[in-house]
Amino acid sequence: SPCYQLKSQLCPRQNPQCHMTGEKTGHYSANACLLPICCLYGAAVTTVEGVGSTETRVHPVQERLAKCHGSQCGFCSPGMVMSIYTLLRNYPEPTPEQMIAALAGNLCRCTGYRPILDACKTFCKVSSISLSVACLYTVICVSSEFGETVSTSLFSIDEFQPLDPTQELIFPPELMRMAENQPKRTLFFHGERMTWISPVSLDELLDLKAAHPKAPLVVGNTGVGPEMKFRGVFHPVVIAPARIPDLNVVKYTEDGLTLGAACSLSVAKDVLTNAISEFPEEKTKVFCAVLKQLRTLGGEQIRNVASLGGNIISRKSTSDLNPVLAASNCVLSLASRGKKRRIPLSDIFAGVGNNTITPEEILVSVHIPHSRKGEYVCAFRQAPRRENALSITNAGMRVLFEEGTDIIKDLSIFYGGAASTTVCAKQTCSALTGRHWNEQTLDEACRLILKEIAVPGSASGEKVDYKKTLIISFFYRFFLEVLQSLKTTDPYHYPGIPVEYGSVLQDFKTKMPQKPDQSPQDPVGRPIMHQSGIKHATGEAVYIDDLPSVDGELFLAVVTSSRAHAKIVSIDTSEALKVPGVFDVISAHDVPATNEFYYSDDPEIVFARNKVICVGQIVCAVVADSDVHAKQAAAKVKIEYEVLEPVILTIEEAIKHNSFFEPKRKLEQGNVDQAFETVDNIIEGEIHIGGQEHFYMETQSVLAVPKGEDKEMDVYVSTQHPAVIQEMVAASLGVPANRIMCHVKRVGGAFGGKLLKSGLLASVAAVAAKKTGRAVRFILSRGDDMLITGGRHPFIGKYKVGFMNDGRIRAVDVNYYINGGCTPDESVLVAAVSLLKMDNAYKIPNLRCWAYACKTNLPSNTAFRGFGFPQSALVTETWITEVADKTGLSPEKIREINMYKENEQTHFKQKLDPQNLIRCWNECMEKSAYYSRKKAANEFNKQNYWKKKGIAIVPLKFPFGLGTRYLSQASALVHIYTDGSVLLTHGGIEMGQGIHTKMIQVASRELNIPMSSIHFCETSTTTVPNACASAGSAGTDVNGMAVKDACQTLLKRLQPIINKNPKGTWNEWIKEAFEQSVSLSATGYFRGYNENMDWEKGEGQPFTYFLFGAACSEVEINCLTGDHKNLRTDIVMDIGCSINPAVDIGQIEGAFVQGIGLYTMEELKYSPEGVLYTRGPDQYKIPAVCDIPEQFSVSLLSSSQNPHAIYASKGIGEAGLFLGCSVFFALRDAVTSVRNERGLKTTFVLNSPLTAEQIRASCADDFTEMVTETLYWNSPGLV
Ligand SMILES: Cc1cc2nc3c(=O)[nH]c(=O)nc-3n(C[C@H](O)[C@H](O)[C@H](O)COP(=O)(O)OP(=O)(O)OC[C@H]3O[C@@H](n4cnc5c(N)ncnc54)[C@H](O)[C@@H]3O)c2cc1C
Ligand code: FES
């Protein structure tokens, strides 16, 4: 299976579990696409299909994941199942900590992890917690339309099959016998291009290494694999030493512990954990420091295969082990033919003597010494995400004191991430030897370290200042740690550190999330499991790339522009065409009809013709007999460019060049200029909000199959909008739409990213299929998907706000600029929606706002959950907070004072009843115990200097609507077959939001038959024509109406038969209807909502109703590193009468966590030439398990009705995302308390995402000052 992601979570759906032979059978999860098949000799592999299936038996892990609603789009589910299953094979009753650790390497973009962890908890020892958590979701349904009351819970533990370890697959006896009986011999695997040799003795290995000095030693392949896969490195010979006993030793010696170089990091972790429990504390300080790094290094899947030796020898600058191992005087045992030697690891990095490792040398083992009396060792790391992310900077430090004193006898300090390899602060250490461990030493150490450790600017755009600040902050942390330890030896002489500094010595830990105490909620409907939940968990759910291959099928790889704005001088395909298996190269000249689509003045482009307008634009495509061949050939296409001016990348540059997509939008209400003259205060400011990558788990995928007659083509696409695919493919091929059949079974996540962009990609595949007459499969790699398809619009908000001293905001003048990228897509609409929704929950009497969609040379940006609202409302909440700062009132007071209070009008004169907004706000205040927790946070802040807590509560008003009637029309088609079974289809797309489940619920209710009698097969342009996109939270609303309509039509036809035989069964009625020639098939239709907007007048009814909500979040920050922990979030949402609370809560939580990503983590980085650096999960961090709040509660507002939508529900897909900004403002609150304490300026700007780097910079202190003014350093008492 091709790799869907780079690094962190390779092949989430192909996550096999290996049973390794040996003394004991062990179970390890691993990433399939990093695991060379040759290294599986003697191992048994279990994939998700082997764990269980609907054909045989669904495994309890699969069942519980599905029934606890732990899958939405389902694309991550097999990976989740394998991680949990593996853990349970090793520990049938794991602790919550083990569970959290097992999932640290898995990513999910839909669920927000809470339901996945709920499923996990049911297996944990302390299951009493889990039970109470699950039951707290108890819901009562009071549906107005049906007058029916249902009491239920999100899932019922009684339904689960028990986990019975005796029923698991056994390790195959033949492999067991083979391991026991067969003598070990060298294995050779010869492939087309490479040879894999697996020797069994050290001598043999040394001979091989001498014979092939350039051949890498591959153990876990986590270093070599990605290089070969993604960076084009090729090795004709590979030596795999994992079976050699000398390289697997685990030996306790007098003075420490020796670990073979091939030991996996998981083995190293277990051995160290064991040793720490066995040896006296004094001896295990090195072990503890190494173990600390191992806990967060990679994910479990990586640690299970990656070797200790591999990590050391690769000598990557980001190695978390080398600094601590080097600082701790670990010794390497090296061997080459006829020669063995032992060298301290520190010598390699400190450049002592001639101690480099030669190419023919191999690392046999590593000796990790015991610590001694008076010796202290620490390791530190700071990464963009706390777990499963490479460090930005890390460190290992050790100090040994003269006996009974605090005089430094030996000091070593090593850093990673600062330069291209681990570096040693050698001069600093020798200068400080003989000094006392006190403030003067600290002062000098920091200065010396900054002087000695050069931090060159990095290509990936990380700020040098941040790294430098971390480097000395780590030393300061070490200083505190040691001071505190000295206290335990002699409290009289060493008083330790002030109490308020103590908490910084505790690292943030990821805990199983809990639900805060709260009373049961009252949403409506039943929490029905996702219709495909079980199939997601068993791996049976089919996505585009799972479709069986079609005879003669070709694979497509694209060639993209490497320039942001340039003329194409020539395209040389000669080398590419020589690659074996290549069929053809397709370009703009091959498009039979439309290559440029004009939906506005500027076109959307399939293939670049003559010029390119962004890096990542598709210039041509190669089709070949395999994915590998297509990619190899694509890399050989040579394009010559002539750079064109100007190259516009940023919003500022677009403003300078007056480069915009038209029209610009404006809304104005009241008399703004006059109001500014009468206000007490005016603030002006600007906030920058970065873009966001959709990071749907299933990348953009198309399979185009020409049918061979009448120019018909089947197009299978991962899209939210089959009708636009049909339209664009037909237009590109120059055939009528009735020849193009677009099919969508399910989509592995979309979030707005699979609309127009999927249409262009489908055209690429269809043109290739037309030209070659073959089926063409086009699956974007993660890197290409991130590069080509754009994402959420980066934003700048410039505001001027006039307000009274009592906090009333009277006038706002604001300009929004969004970076649209190189083609219009929906940018003008996004800009418009950002204006319409910018007021969020506030009444602003005098308001003028403009929105500009900037035309730049970045890849074209597109729709993304929230559609402009998450950005413009963040701008609003920012100036609200600034008004609070200026007036001295609290932010929640300013929010309350300015909130919509009674029936009022929005800034475009639409009526609004804010009753439920106020209810949500009050309930959230109450449920979160806001005021008492705020007090507690303030108390904590007084007692802790280097750690601070922050809390914030943010309201939400989310208008629902698409602005025009025709965009919300919908159709459905319902067939009843003579056996009584029902086939349902509608225009909505299942992309994780559970729409098919809800539609089956609707049909079941309307026809009054069980859900099990109703089947949904696929969305297709052949059954429902001209369907609108599944977008804008509207899917359930509009398709639900259409399904209801179709079912009612059928029921009406059946009614006379039912009336005649009221006691009959459904099947009898259907049989009778057929015999009476009553049609058993009906379409249903919904005309759409009567929405309109007059931009000339700035008035209208663009929305049908409003959703409301509020979220309160609390965080804790580490002022020394900028790291933070999300402690608790309480959300109250008004979503009317929920049709399926499990699905809806899932949408709220998933969106909220995606919002946390947007506002605090996810950072897109570009080169000055417009090349996107962040092209995979190793560089771009979306939230993982460690990022969700430790306490997380979502409740639905009770007794809320919505007369405008199906069964009084409300469309909930997008609204929750904005609430992620409660974390942003909680962080701001924490930073504010740092700044207040330190007497720093009260006005300060925080941009989004609010990363660790920004938090650290905002918590200015002597260290940050020292970095910026290295010349001037005064230390007014760091301690
Ligand atoms: C998703 C992901 C996340 C990661 N996260 C982290 C992280 O957070 N922190 C961190 O420090 N690292 C991280 N890494 C790096 C990982 O720890 C290293 O890649 C791994 O330890 C290398 O071990 P390996 O057995 O897989 O090496 P291989 O890929 O098998 O080999 C790597 C190199 O080491 C050489 N080598 C291996 N063994 C020997 C030996 N005995 N003697 C001589 N040469 C040898 C090989 O010749 C080769 O050049 C991550 C990697 C991935 C893929
Ligand atoms: S359900 Fe996890 S990625 Fe969609």
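For clarity, every value in this text was computed on a predicted model and none was experimentally measured.

Basis of the calculations
- Residues numbered from 1 in each chain as written.
- Chains lettered and ligands numbered in written order.
- Predicted model: local features only at pLDDT ≥ 70, side-chain atom pairs only at ≥ 80, totals over all residues.
- Heavy atoms only, no water.
- Helix = DSSP H or I, 4+ residues; strand = E, 2+ residues; numbered from the N terminus.
- Rg over C-alpha atoms; globule rule 2.2 N^0.38 Å.
- Buried < 20%, exposed > 50% of the residue type's maximum accessible area, 1.4 Å probe, protein only.
- Contact = heavy atoms within 4.5 Å.
- Areas by Shrake-Rupley, 256 points an atom, 1.4 Å probe, with all protein chains shown as cover.
- 1 Å grid on protein atoms, 1.4 Å probe; cavity = no way out; pocket = protein on both sides within 12 Å on 5 of 7 lines; lining within 4 Å.
- Points joined across faces, edges and corners; volume = space filled by probe spheres on them.
- Nonpolar A, V, L, I, M, F, W, Y, C, P; charged D, E, K, R; others polar.
- UniProt positions renumbered as here; feature names shortened; annotations may be inferred.
- Pairing = 2+ DSSP bridges.
- Axes fitted to C-alpha atoms, helices over the stretch in contact; angles between N-to-C directions.
- Core = buried A, V, L, I, M, F, W, Y, C linked by side-chain atoms within 4.5 Å.
- Near = heavy atom within 4 Å.
- Polar contact = N/O pair within 3.5 Å; in protein donor to acceptor, adjacent residues only side chain to side chain.
- Parallel < 35°, antiparallel > 145°, perpendicular 65-115°, else oblique.
- Left-handed = near helix turned anticlockwise from the far one by under 90°.
- Phe/Tyr/Trp six-rings, centres within 6.5 Å; stacked < 30°, edge-to-face > 60°.
- Lys NZ or Arg CZ within 6 Å of the ring centre and 35° of its normal.
- Salt bridge = Lys/Arg side-chain N within 4 Å of Asp/Glu carboxyl O.
- Right-handed = clockwise from strand over helix to strand, strands pointing away.
- Arc of directions from axis to C-beta.

### Here we look at the overall build of the protein
Alright, step 1. The helix and strand tally for the protein stands at 38 helices and 47 strands.
Alright, step 2. On C-alpha atoms alone, the protein measures out to a radius of gyration of 31 Å, which is about the 33 Å that the 2.2 N^0.38 rule sets for 1279 residues.
Alright, step 3. Over its C-alpha atoms, taken along the principal directions, the protein stretches across nearly 95 × 80 × 70 Å.
Alright, step 4. Residues classed as buried in the protein amount to 62% of the 1279 residues present.
Alright, step 5. Restricting to contacts in the protein with at least 6 residues of sequence separation, those with at least 24 account for 77%.
Alright, step 6. With the model as given, the accessible surface of the protein reaches about 46,200 Å², and the carbon-plus-sulfur share is 51%.

### Looking at empty space enclosed by the protein
Over the atoms, a rolled probe matching the size of one water molecule traces out where space is still vacant.
Alright, step 1. Going through the model one piece at a time under the given rule, you end up with ten cavities of 30 Å³ or more.
Alright, step 2. Size it by volume and the largest cavity reaches roughly 240 Å³.
Alright, step 3. Breaking the lining of the largest cavity down by element, the ones donating at least two residues are strand S22 (604-605) and helix H25 (756-772).
Alright, step 4. By residue number, the principal contributor to the lining of the largest cavity is H25, which donates four residues.
Alright, step 5. Here the residues of the lining of the largest cavity sort into ten nonpolar, five polar and two charged.

### Observations concerning the UniProt feature "binding site: substrate" (unreviewed entry) in the protein
Alright, step 1. Mapped onto this numbering, the UniProt entry gives "binding site: substrate" (unreviewed entry) at Phe867.
Alright, step 2. Looking at where Phe867 falls in the secondary structure, it is placed in the loop between strand S34 (846-855) and helix H28 (869-887).

### Observations concerning the sheet that holds strand S16 (residues 408-416)
Alright, step 1. Across the sheet, four strands lie side by side as S14-S15-S16-S17; this open sheet has antiparallel pairing. At either end of the open sheet lies a strand with only one pairing partner, and these are strand S14 (375-382) and strand S17 (423-424).
Alright, step 2. Bridge count between S16 and S17: two bridges; the pairing is antiparallel. Bridge pairing links Tyr415 to Val423 in S17.
Alright, step 3. On top of the sheet, helix H11 (residues 285-296) reaches S14 and strand S15 (393-401); it is set at about 10° to S14, its chief contact.

### A few points about the nonpolar core
Alright, step 1. If you look at the biggest cluster of nonpolar residues, it comprises 294 residues, and the most contacted ones within it are Tyr415, Trp437, Phe475, Phe478, Trp879 and Met1133.
Alright, step 2. With 13 residues, helix H18 (residues 464-489) is the single largest residue contributor to this core.
Alright, step 3. Each residue touching Tyr415, except ones within four places of it in the same chain, is listed here: Pro323, Asn394, Ala395, Met397, Thr421, Thr422, Val423, Ile449, Ile453, Ile471 and Phe475.
Alright, step 4. Counting 42 residues, the second-largest nonpolar core is a separate cluster that includes Leu272, Ile348, Phe349 and Ile357.

### A word on the site of ligand 1
Alright, step 1. As a matter of local geometry, ligand 1 sits amid 30 residues, with Val219, Thr222, Gly223, Ser307 and Asp320 nearest to it.
Alright, step 2. In this structure, an oxygen atom belonging to ligand 1 sits 3.0 Å away from a main-chain N or O atom of Asn221.
Alright, step 3. One of the backbone nitrogen or oxygen atoms of Leu363 is found 2.8 Å away from a nitrogen atom of ligand 1.
Alright, step 4. Protein coverage of the free-state accessible area of ligand 1, which is 980 Å², stands at 91%.

### Structural notes on the side chain of Glu892
Alright, step 1. Here Glu892 shows up in helix H29 (residues 891-898).
Alright, step 2. Residue Glu892 is classed as buried on the basis of its relative accessible area, which comes to 3%.
Alright, step 3. Residues in contact with Glu892, not counting those within four places in the same chain, are Trp921, Met925, Tyr930, Tyr931, Lys934 and Ile953.

### Comments concerning unusual backbone geometry
Alright, step 1. Following Glu662, the chain continues to Pro663 via a peptide bond in cis, the omega torsion being 0°.
Alright, step 2. Among the structural elements, Pro663 can be located in strand S26 (residues 660-669).
Alright, step 3. Omega for the peptide link from Ser1248 to Pro1249 comes to 5°, which places this bond in the cis form.
Alright, step 4. Mapped onto the secondary structure, Pro1249 falls in the loop between helix H36 (1221-1237) and helix H37 (1252-1258).
Alright, step 5. The residue Lys711 is not glycine, and still its phi comes out positive at about 60°.
Alright, step 6. Topologically, Lys711 is positioned in the loop between strand S28 (701-706) and strand S29 (713-717).
Alright, step 7. Unlike most non-glycine residues, Ser1199 shows phi in positive territory, near 45°.
Alright, step 8. With respect to the secondary-structure elements, Ser1199 resides in the loop between strand S47 (1191-1196) and H36.
Alright, step 9. Ser1199 sits in the exposed class, given a relative accessible area of 65%.

### So, the packing of helix H33 (residues 1035-1060) against helix H34 (residues 1066-1075)
Alright, step 1. Where H33 meets H34, the closest approach of the two axes is 10 Å, and the angle between their N-to-C directions is 115°. Considering the angle they form, H33 stands roughly perpendicular to H34. For the element pair H33 and H34, the recorded crossing hand is right-handed. Residues Leu1054, Ile1057 and Ile1058 of H33 touch H34, and the partners they reach there are Trp1066, Trp1069, Ile1070, Glu1072 and Ala1073.
Alright, step 2. Taken together, the residues of the contact of H33 with H34 break down into seven nonpolar, no polar and one charged.

### As for the environment of Lys509
Alright, step 1. Examined against the element boundaries, Lys509 turns out to sit in the loop between H18 and helix H19 (533-538).
Alright, step 2. Judged by its relative accessible area of 55%, Lys509 is exposed.
Alright, step 3. When the C-alpha positions of Lys509 and Arg386 are compared, they lie 8.9 Å apart, and in sequence the two are 123 residues distant.
Alright, step 4. If we ignore the near neighbours within four places in the chain, the residues touching Lys509 are Arg386, Lys1125 and Glu1190.

### Points about the packing of helix H17 (residues 439-452) against H18
In a pair of packed helices, the angle between the axes and the distance between the axes together describe the arrangement.
Alright, step 1. Direction vectors running N to C along H17 and H18 enclose 155°, while the axes themselves pass 10 Å from each other. The angle between H17 and H18 falls in the class roughly antiparallel. Between H17 and H18 the crossing geometry is right-handed. Residues Glu439, Leu442, Ala445, Cys446, Ile449 and Leu450 of H17 lie in contact with H18, whose contacting residues are Lys468, Ile471, Ile472, Phe475, Tyr476 and Phe479.

### Details of the packing of aromatic side chains
Geometry of an aromatic ring pair is reported as the spacing of the ring centres plus the angle between the planes.
Alright, step 1. Per the counting criterion, the structure on display carries 33 aromatic pairs.
Alright, step 2. Between Trp946 and Phe1263, the aromatic rings sit 6.3 Å apart at their centres with planes inclined by 45°, giving tilted as the arrangement. Of this pair, Trp946 sits in the loop between helix H31 (930-943) and strand S37 (947-960) while Phe1263 sits in helix H38 (residues 1262-1268); the two residues are 317 residues apart in sequence, bridging distant segments of the chain.
Alright, step 3. Members of the aromatic cluster, joined through ring pairs, are Tyr376, Phe401, Trp437, Phe475, Phe478 and Phe479.
Alright, step 4. For Arg1228, the ring lying beneath its charged end belongs to Phe1244, and the centroid distance is 4.7 Å.

### Regarding the environment of Gly434
Alright, step 1. Within the secondary structure, Gly434 sits in the loop between helix H16 (426-432) and H17.
Alright, step 2. For Gly434, a relative accessible area of 45% puts it in the partly exposed group.
Alright, step 3. Separated by 308 residues in the primary sequence, Gly434 and Cys742 have C-alpha atoms spaced 76 Å apart.
Alright, step 4. Once residues lying within four places of it in the same chain are set aside, the contact partners of Gly434 are Ile407 and Ile408.

### Here's the deal with the pattern of salt bridges
Alright, step 1. By the definition in use, this model includes 56 salt bridges.
Alright, step 2. Linking Arg114 and Glu1149 is a salt bridge whose minimum nitrogen-to-oxygen distance equals 2.8 Å. Of the two residues, Arg114 is situated in helix H5 (residues 114-121) and Glu1149 in helix H35 (residues 1141-1161); the sequence distance between them amounts to 1035 residues.
Alright, step 3. Overall, the relative accessible area of 0% leaves Glu1149 in the buried class.
Alright, step 4. Several salt bridges share partner residues, and in doing so they unite Lys666, Glu668, Asp673, Asp813 and Arg848 into one network.

### Side note on the pairing of strand S33 (residues 809-821)
As a general feature of sheets, a regular strand has side chains that alternate between the two faces.
Alright, step 1. Burial of S33 is extensive: eleven of the 13 residues sit out of reach of the surface.
Alright, step 2. In this structure, strand S32 (residues 795-803) lies alongside S33, joined through nine bridges in antiparallel fashion. Within the sheet, the bridge partner assigned to Lys798 lies in S33 and is Asn815.
Alright, step 3. What sits between S32 and S33 in their antiparallel hairpin is a turn of five residues, with Gly807 showing a positive phi close to 100°.
Alright, step 4. As paired elements, S33 and S34 share ten bridges and run parallel to each other. Paired with Asn819 across the bridge in S34 is Cys854.
Alright, step 5. This β-α-β element, S33 to helix H27 (residues 827-836) to S34, shows right-handed connectivity.

### Looking at helix H4 (residues 96-103)
Alright, step 1. Along H4, the residues that are buried comprise Pro96, Met99, Ile100, Ala102 and Leu103. Buried residues in H4, looked at end-on, bunch into an arc of 160°, giving them a common side.
Alright, step 2. Each element contacted by the buried residues of H4 is listed here: helix H3 (77-90), H5 and helix H12 (300-305).

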